[in-house]
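Next come the chains, spelled out residue by residue.
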Amino acid sequence: MATLNERKVAVVGCGFVGSASAFALMESGLFSEMVLIDVNKEKAEGEALDISHGLPFAKPVQIYAGDYKDAGDAAVVVVTAGAGQKPGETRLDLVKKNVSIFKSIIPEIAKYNKDGILLIVANPVDILTYTAAKLSGFPENRVFGSGTVLDTARLKYLLGEHLKIDSRSVHACIIGEHGDSEIAAWSSANVSGIPLNDFCEMRGHFEHEKSMKEIAENVKNSAYKIIEKKGATYYGIAMSVRRICEAIVRDEKSILPVSSIQHGEFEIEDVALSMPVIVGRSGVEGAVPIRLSDGEKEALKASADTLKEVLNGVL
Ligand SMILES: NC(=O)c1ccc[n+]([C@@H]2O[C@H](COP(=O)([O-])OP(=O)(O)OC[C@H]3O[C@@H](n4cnc5c(N)ncnc54)[C@H](O)[C@@H]3O)[C@@H](O)[C@H]2O)c1
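Here the structure is a predicted model, which means the values were calculated and not measured.

The rules behind these values
Residues numbered from 1 in each chain as written. Predicted model: local features only at pLDDT ≥ 70, side-chain atom pairs only at ≥ 80, totals over all residues. Heavy atoms only, no water. Near = heavy atom within 4 Å. Polar contact = N/O pair within 3.5 Å; in protein donor to acceptor, adjacent residues only side chain to side chain. Areas by Shrake-Rupley, 256 points an atom, 1.4 Å probe, with all protein chains shown as cover. 1 Å grid on protein atoms, 1.4 Å probe; cavity = no way out; pocket = protein on both sides within 12 Å on 5 of 7 lines; lining within 4 Å. Sits in = over half its atoms within 2 Å of the grid points. Helix = DSSP H or I, 4+ residues; strand = E, 2+ residues; numbered from the N terminus. Nonpolar A, V, L, I, M, F, W, Y, C, P; charged D, E, K, R; others polar. Domains from an automatic or database assignment. Points joined across faces, edges and corners; volume = space filled by probe spheres on them. Buried < 20%, exposed > 50% of the residue type's maximum accessible area, 1.4 Å probe, protein only. Salt bridge = Lys/Arg side-chain N within 4 Å of Asp/Glu carboxyl O. Pairing = 2+ DSSP bridges. Contact = heavy atoms within 4.5 Å. Buried area = accessible area lost by both parts, 1.4 Å probe.

J.: Explain the site of the ligand to me, and be specific about the residues and the numbers.
T.: By nearness alone, 26 residues border the ligand, and V17, D38, A83, V121 and N123 come closest of all. Interatomic distance of 3.2 Å between a backbone N/O atom of V39 and a nitrogen atom of the ligand. Between H178 and the ligand, the recorded distance is 3.1 Å, taken from a side-chain N or O atom to an oxygen atom. Taking 870 Å² as the accessible area of the ligand by itself, protein coverage stands at 83%. Cavity membership is defined here by more than half of the atoms lying within 2 Å of grid points; on that basis the ligand lies in the second largest pocket. Here the shell around the ligand takes 4 residues from helix 3 (residues 95–112), the largest share from any one element. Partitioned by chemical class, the residues of the shell around the ligand number 14 nonpolar, 11 polar and 1 charged. Residue assignment places the shell around the ligand across two domains, with domain 1 (5–145) and domain 2 (149–314) each supplying three or more.

Following this line, the structure appears as structure tokens:
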């Protein structure tokens, strides 16, 4: 078994999401080696060439198309392979197709790579994260999904626009399923430490309930809207993948709402979903005890139940 190369990433699946993520990772300067793997080898080769041609404007990275053996020493393996949503399809509709793809991919990764981190991106990401953890036999801290990191970015972006402030000063997150049952954790939301409603009033917004509902719906429906207009979403998720890899490679101990297997927090057991956790070099390093209102707790439990029902049908 190969010794890990801390500066190597593998991207499995080189469609819209995989290639955009590879591009974002090349630009990040985080890695010195990147292998692209796809069942369609020509596609992986084409993407490797195309992305490599930007290297004179970035930092050196060796980028090539390869197979699972080449991912044996990758510190992070990003899995984006799988069918995407078609207009009108939910993420959960993809479950059968993508679980079966994972049954062929994950054992191949685990055959050559024993110590890396599996970052799951394909949808439904929570179901596939759980599936990947079971199929790989990796410790749970090293298998997690991009979860609601993207939804949280969408929430921060929309709040930033609403309040006319830098979205990086917004502290708010989406938790639960990356999908229709996700929850905006409003009760802990703040802008630079100022409770959200107080900040909204400072900026001349007083209809809190109405605005929160509209913004949460907008976040939830973002992917549907984008898929309707351009067929797929990939830039936002590519930036999310880059952010998560940054937290891992630089051992940042950043708090991110990635999807990981739950063990009793909020009475949720044995299902993967997103809650804020500390992300560093060893993956998920600990839960962050977020405060939730009773309504949010109920909605979180319902989200977990939805996912559990789907899991029972596929595993
Ligand atoms: N987690 C998120 O926030 C998020 C955001 C956007 C999209 N996605 C998901 O990412 C996945 C990919 O979306 P996309 O738009 O890139 O789709 P796509 O169809 O453009 O790309 C999928 C790629 O996977 C490859 N592939 C299929 N089976 C494979 C296998 N067995 N082994 C290796 N490669 C295989 C295909 O050849 C293709 O290149 C979808 O499931 C989509 O729903 C997730």
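J.: Lay out empty space enclosed by the protein in plain terms, naming residues and giving numbers.
T.: For the structure shown, the criterion picks out 1 cavity of 30 Å³ or more. One number sums up the size of the largest cavity: a volume of about 50 Å³. Around the largest cavity, the lining residues are L159, H162, W186, L196, N197, C200, H208, S211, M212 and I215. Secondary structure elements with two or more residues in the lining of the largest cavity: helix 5 (149–163), helix 6 (196–202) and helix 7 (208–230). For the lining of the largest cavity, the element with the highest residue contribution is helix 7, accounting for 4 residues. Split into classes, the residues belonging to the lining of the largest cavity amount to 6 nonpolar, 4 polar and no charged.

J.: Outline the side chain of S136, listing residues and values.
T.: As for its placement among the helices and strands, S136 is situated in helix 4 (residues 125–136). You can call S136 buried: its relative accessible area is 12%. Of the polar contacts made by the side chain of S136, one reaches the backbone nitrogen of F138; its length is 3.1 Å.

J.: For the pattern of salt bridges, give the residues involved together with the corresponding values.
T.: With the rule as written, the count across this model stands at 16 salt bridges. Across the pair R281 and E6 runs a salt bridge whose closest N-O atoms are separated by 2.4 Å. Linking R281 in the loop between strand 15 (277–280) and strand 16 (283–287) with E6 in strand 1 (residues 5–12), this pair joins segments that are 275 residues apart in sequence. In this structure R281 comes out as partly exposed when scored by relative accessible area, which is 22%. Since its relative accessible area comes to 39%, E6 is described here as partly exposed. R243 is paired through a salt bridge with E252; the nearest N and O atoms lie 2.9 Å apart. What makes E252 partly exposed here is its relative accessible area of 24%. Several salt bridges converge on common partners, so that one network encompasses R243, E246, R250 and E252.

J.: Outline the sheet that holds strand 10 (residues 190–191), supporting the account with residue identities and numerical values.
T.: Spatial strand order, 7-10-11: 3 strands in an open sheet with antiparallel pairing. Every interior strand has two partners, whereas the edge strands, strand 7 (170–171) and strand 11 (194–195), have only one. Of the pairings in the sheet, the one linking strand 7 to strand 10 comprises 2 bridges and is antiparallel in character. The partner of H171 across the bridge, within strand 10, is N190.

J.: Hey, could you go over the domain arrangement of the protein for me, with residue numbers and the actual values?
T.: Domain boundaries in the protein define domain 1 (5–145) and domain 2 (149–314). Opposite the 41 residues of domain 1 that make contact, domain 2 presents 45 residues. Both faces combined, the contact of domain 1 with domain 2 buries some 3,600 Å², and carbon together with sulfur accounts for 69% of it. Together, R91, D126 and Y130 form the three largest contributors to the area buried by domain 1 at its contact with domain 2, with a combined 19%. Counting across the domain 1 and domain 2 interface gives 1 salt bridge. The interface formed by domain 1 and domain 2 holds 9 residue pairs in polar contact (both at pLDDT 80 or more) in total. Among the elements that make up the side of domain 1 that touches domain 2, the one with the highest residue count is helix 1 (residues 16–28) (8 residues). When its residues are assigned to classes, the side of domain 1 that touches domain 2 shows 22 nonpolar, 8 polar and 11 charged.

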